[in-house]
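Spelled out, the chains give:
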Amino acid sequence: MFKNYLKIAWRNLLRNKSFSLLNIVGLSIGLAVTALILIWINFEMGVDQFHEKKDRIYEVYNQAPVDGEIWTWNSTPKIMAPTIINDYPDVESVSRYFYDTEFLFSKDDKRIKSIGTVVDPDFLNIFSFPLLEGNIETVLEDVNSVVITESFAKKLFGSEPAVGKIVKVDNVDSFKVTGILKDHPDNTGFNFEFLMPWAYIHQKGWTDEHWGNNSIATYVLLKEGVNYDAFSEKIKTLRKRHDKESPDMVTFLYPWSRYWLYSEFENGKEIGGRIDIIRMFGIIAAIILIIACINFMNLSTARSEKRAKEVGIRKVVGARKGALIGQFLGESILISILAAVLALVIVLITLPSFGELVERPLSLDMTNLWFWLSACGVILFTGILAGSYPALYLSGFKPSAVLKGTFKKMSSPITPRKVLVVLQFSAAIILITASIIVTQQLKKVQDRQSGYAKNNLVYSTIEGDIEKNYTLIKTELLSDGIAESVTKTNSPITETQSNTWGFEWKGKSEDNKTLVHRFIADDAVVKTMGIELIEGRDFDLTKYPTDSTAAIINESSVKLMNFDEPIGQIIKDNGIEWHIVGVVKDFVMNSPFQKVEPMVIEGAKAWFSVVHIKFNQDVSTTESLAKTEAVFRKYNPEYPFNYQFVDQEYAKKFDSEKQTGQLVSLFTLLAIFISCLGLFGLASYMAENRIKEIGIRKVLGASVQSITTLLSKDFLKLVLISIILAVPVSWYFMSKWLEDFAYRITISWWTFALAGILALVIALLTVSYQAIKAAIVNPVKSLRTE
């Protein structure tokens, strides 16, 4: 019986090649898109889930009231870790993490810059980064020990054994390689090539016990059996007991297993994070697969009248409804299998490009049993979903009506087929609208003025002898005409790395805890960055030696501090009095999607880590870079000259939203394409069924235009209904999406009008092709064919 059903299914596929091809292509694209998105989602869901003790690993977070809201952040003071291990016996291990930093490693004539971090010895007991060589209990015991990854070991030592070898760090300190780490798996948020012991921080004098200096990450491993909720209550008051300056601050532990997907907070409550993007594209995958299944349903039911007599005869000779349903479901599952094979080919071809688009090293493990079980499940689910309605519909025909020729077409204004077409195009219109709004939002923010001149502006990290020879470097760059201006800062102009609510000024209320950002610079910061000066002047230490304690504030700070005459006012920070010498227009240092926050640019009585150089615009960039590299190598010969263009770094701020926009646009095009395949098939079938009617109309004088209109208008009505349904849904979801941005567009009526017009045009072009093709057929030929 099964073999007989399989033969019938295969013959039906071959007999109706065009419809079968449309079904298979539509389903294969839907399955391929779904598979690609699920592979990506699976990767994101698996990030850092390989740690054996992940259910007991937590990161220390803080919460405090700021500007009337509860702020949440995960940077902590250096004193936090030893305090936790001393105060709470429920804790098995703690480790500080100095965030990723860059050091120069030297071995003989090799000099390689590498990104790594400084941690406590228990770091490798907390996280599952296996050692290939070395003792996990002792590798970070000595202050001058270093653990490196296997790939970094090959860079430094080639094929030679690395353990026991001595390397120099920053041409100053000698370190002994005590362990080799297995290279990290792709699905981890960590990005280090080396680990150094926390004792090195003490040796360099970088440590402090100031509770207000939140500058590192702290990880905690609870003992087995410890109740997380009970421990959370205990640790809440840690800051209150030890940090007298922040009695309102609350400490809590955040589960490490959730950080990658959920660690975004609003007013003290977890609101999501990357999981929002995953959910959104999960929904898009479901929409595209459903659109593909709707195509199958529509095309199968459209062909139902041609198979009505087959069903009638089968019922007369004794076929039961269940057997007929099984046969038609078998046919749909066969199509699903063929579509799945084609989808697999599409996935294998496009996966590398898709991985580049989402910036993830995606792969398909075809040796995994779960992959094949999941694939079989998806094939069955898709086949049953796509074939359920046609199977029930076809098997429900009454044999007496069919064989007598009195079988009635469904002429109701509301039929399942029409409902499915409406749903299909509603989904496509929602995706079109989303694509337009994401593009508008991205363009609005990209067009936003940054507030500083990005062109010809580069920065380089201060390292080696740069600090010692800074004056010589600056003088040579200026005197040789390479640069127009040079300044030192504590961070690149593209990001702030320091902030506090501890600023004091005249008239500040005690309960004011507004966060103010610090940007530290020496001479000519306004000139170098091209910031617009509203009043006052730039820093000039040569003319005004007291500018080492001078400050320049932005417009937002003027509003916050409520200064009528800001020039000459005194503000206090870190025990130092800073006198205001200038006010600048607000400029964007952090997210261009958010409002500009209050900022104080402090003078040279602070720390620096970056040199900014404004190149001479009359000299080519290539020549400027070559000459600048020569100057830096002259005064800092042990280090390579590394630099970043400010305009390129600023452009990276849009990468995430740009990626989202590209993905939405891509999947929108695919959804439209799949929808058009179905519409094309339906129009073709309708034109074929009405070929005799068209011939009679042409004989009676009907024009090609009138016949085309006749065949197209019903489909266009369905698209118009789809627009009416899609507009409120797309408006709701895109309004919610835009709420995440302080600097955002206002959704205009023409956005929905444009999406609707695009849908109508696409539908009209798809249907009109078949309609015109049918309308221009010679009526003599169509009337002879019966």
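(A) Structural context of helix α15 (residues 416–446). For α15, built from 31 residues, the straight-helix expectation of 45 Å at 1.5 Å per residue is met to within 8% by its first-to-last C-alpha distance of 45 Å. Across the 31 residues of α15, 22 count as buried, placing the element largely inside the fold.

(B) Region of the structure containing the packing of aromatic side chains. Scanning all chains against the criterion turns up 51 aromatic pairs. Through a chain of ring-to-ring contacts, the aromatic side chains of Phe50, Tyr97, Phe123, Phe127, Phe129, Phe190, Phe192, Tyr219, Trp256, Tyr259 and Trp260 assemble into a single cluster. Taking NZ or CZ as reference, Arg448 lies 4.1 Å from the ring centre of Tyr743, over its face.

(C) Examining the layout of surface pockets more closely. One number sums up the size of the second largest pocket: a volume of about 940 Å³. Considering each element in turn, the lining of the second largest pocket owes the most residues, eight residues, to helix α13 (residues 369–395). Considered class by class, the residues forming the lining of the second largest pocket number 21 nonpolar, seven polar and two charged.

(D) Main features of the pairing of strand β21 (residues 550–554). Extensive coverage of β21 is indicated by the burial of five of its five residues. With burial as the criterion, each face of β21 is covered, one bearing Ala550, Ile552 and Asn554 and the other bearing Ala551 and Ile553. Strand direction decides the pairing type here: β21 and strand β23 (residues 576–584), joined by five bridges, are parallel. In the sheet register, Ile553 faces β23, and the bridge partner there is Val583.

(E) Local environment of unusual backbone geometry. Non-glycine residue Glu359 carries a positive phi angle of around 55°. With respect to the element layout, Glu359 can be found in the loop between α12 (321–358) and α13. By relative accessible area, Glu359 is classed as exposed at 53%. A positive phi is found at Asn574, a non-glycine position, where the angle reads about 55°. Tracing the sequence through the fold places Asn574 in the loop between β22 (570–573) and β23.

(F) Inspection of the pairing of strand β4 (residues 101–107) at higher detail. Of all the seven residues making up β4, five are buried; the element is thus mostly covered by neighbouring parts of the structure. Counting the residues between successive antiparallel strands, the hairpin from β4 to strand β5 (residues 110–119) contains two residues, one of them, Asp108, with a positive phi of roughly 60°. Pairing between β4 and strand β8 (residues 166–169): two bridges, direction antiparallel. Within the sheet, the bridge partner assigned to Ser106 lies in β8 and is Lys168.

(G) Local environment of the pattern of salt bridges. Evaluated as defined, the whole model comprises 29 salt bridges. Put simply, Glu44 and Arg360 hold a salt bridge, and the shortest N to O gap is 2.6 Å. With Glu44 in helix α2 (residues 17–45) and Arg360 in the loop between α12 and α13, the pair connects residues that are 316 residues apart, well separated along the chain. One salt bridge connects Glu476 with Lys634, and the closest N-O pair in it is separated by 3.3 Å. One end of the pair, Glu476, is in helix α16 (residues 470–479); the other, Lys634, is in helix α19 (residues 621–635), and 158 residues separate them in sequence. Taken together, the shared-partner salt bridges in this structure form one network comprising Arg56, Glu92 and Glu224.

(H) Spatial organisation of the side chain of Arg518. Inspection of the secondary structure assignment puts Arg518 in strand β19 (residues 516–520). For Arg518, a relative accessible area of 7% translates into the label buried. Reaching out from Arg518, the side chain makes a polar contact with the side chain of Ser498 at a distance of 2.6 Å. Here Asp573 takes part through its side chain, which lies 2.6 Å from a polar atom of the side chain of Arg518. Dropping the residues within four chain positions of it, Arg518 is found in contact with Asn490, Thr496, Ser498, Asn499, Thr500, Phe503, Asp573, Asn574, Val600 and Glu602.

(I) Broad picture of the sheet that holds strand β15 (residues 457–461). With antiparallel pairing, four strands are arranged side by side in an open sheet as β16-β25-β15-β26. With one partner strand each, in any of the chains shown, β16 (483–489) and β26 (644–645) form the two edges of the open sheet. By the bridge criterion, two bridges tie β15 to β26 in an arrangement that is antiparallel. Looking at β26, one finds that Tyr459 is bridged to Gln644. The strands that α16 touches are β16 and β25 (610–615); relative to β16, the one it contacts most, it runs at about 160°.

(J) Just the environment of Glu193, in detail. Inspection of the secondary structure puts Glu193 in the loop between β9 (173–181) and β10 (194–197). Spatially, the C-alpha atom of Glu193 lies 8.4 Å from that of Asp183, the residues being ten residues apart in sequence. Those residues in contact with Glu193 that lie beyond four places of it in its chain are Ser114, Ile115, Gly116, Val147, Ile148, Thr149, Ser151, Phe152 and Lys155. Within the structure, Glu193 has its side chain in polar contact with the side chain of Ser114 (distance 2.7 Å).

Reading guide: rules and limits
Residues numbered from 1 in each chain as written. Predicted model: local features only at pLDDT ≥ 70, side-chain atom pairs only at ≥ 80, totals over all residues. Heavy atoms only, no water. Helix = DSSP H or I, 4+ residues; strand = E, 2+ residues; numbered from the N terminus. Expected span 1.5 Å × (residues − 1). Buried < 20%, exposed > 50% of the residue type's maximum accessible area, 1.4 Å probe, protein only. Phe/Tyr/Trp six-rings, centres within 6.5 Å; stacked < 30°, edge-to-face > 60°. Lys NZ or Arg CZ within 6 Å of the ring centre and 35° of its normal. 1 Å grid on protein atoms, 1.4 Å probe; cavity = no way out; pocket = protein on both sides within 12 Å on 5 of 7 lines; lining within 4 Å. Points joined across faces, edges and corners; volume = space filled by probe spheres on them. Nonpolar A, V, L, I, M, F, W, Y, C, P; charged D, E, K, R; others polar. Pairing = 2+ DSSP bridges. Salt bridge = Lys/Arg side-chain N within 4 Å of Asp/Glu carboxyl O. Polar contact = N/O pair within 3.5 Å; in protein donor to acceptor, adjacent residues only side chain to side chain. Contact = heavy atoms within 4.5 Å. Axes fitted to C-alpha atoms, helices over the stretch in contact; angles between N-to-C directions.

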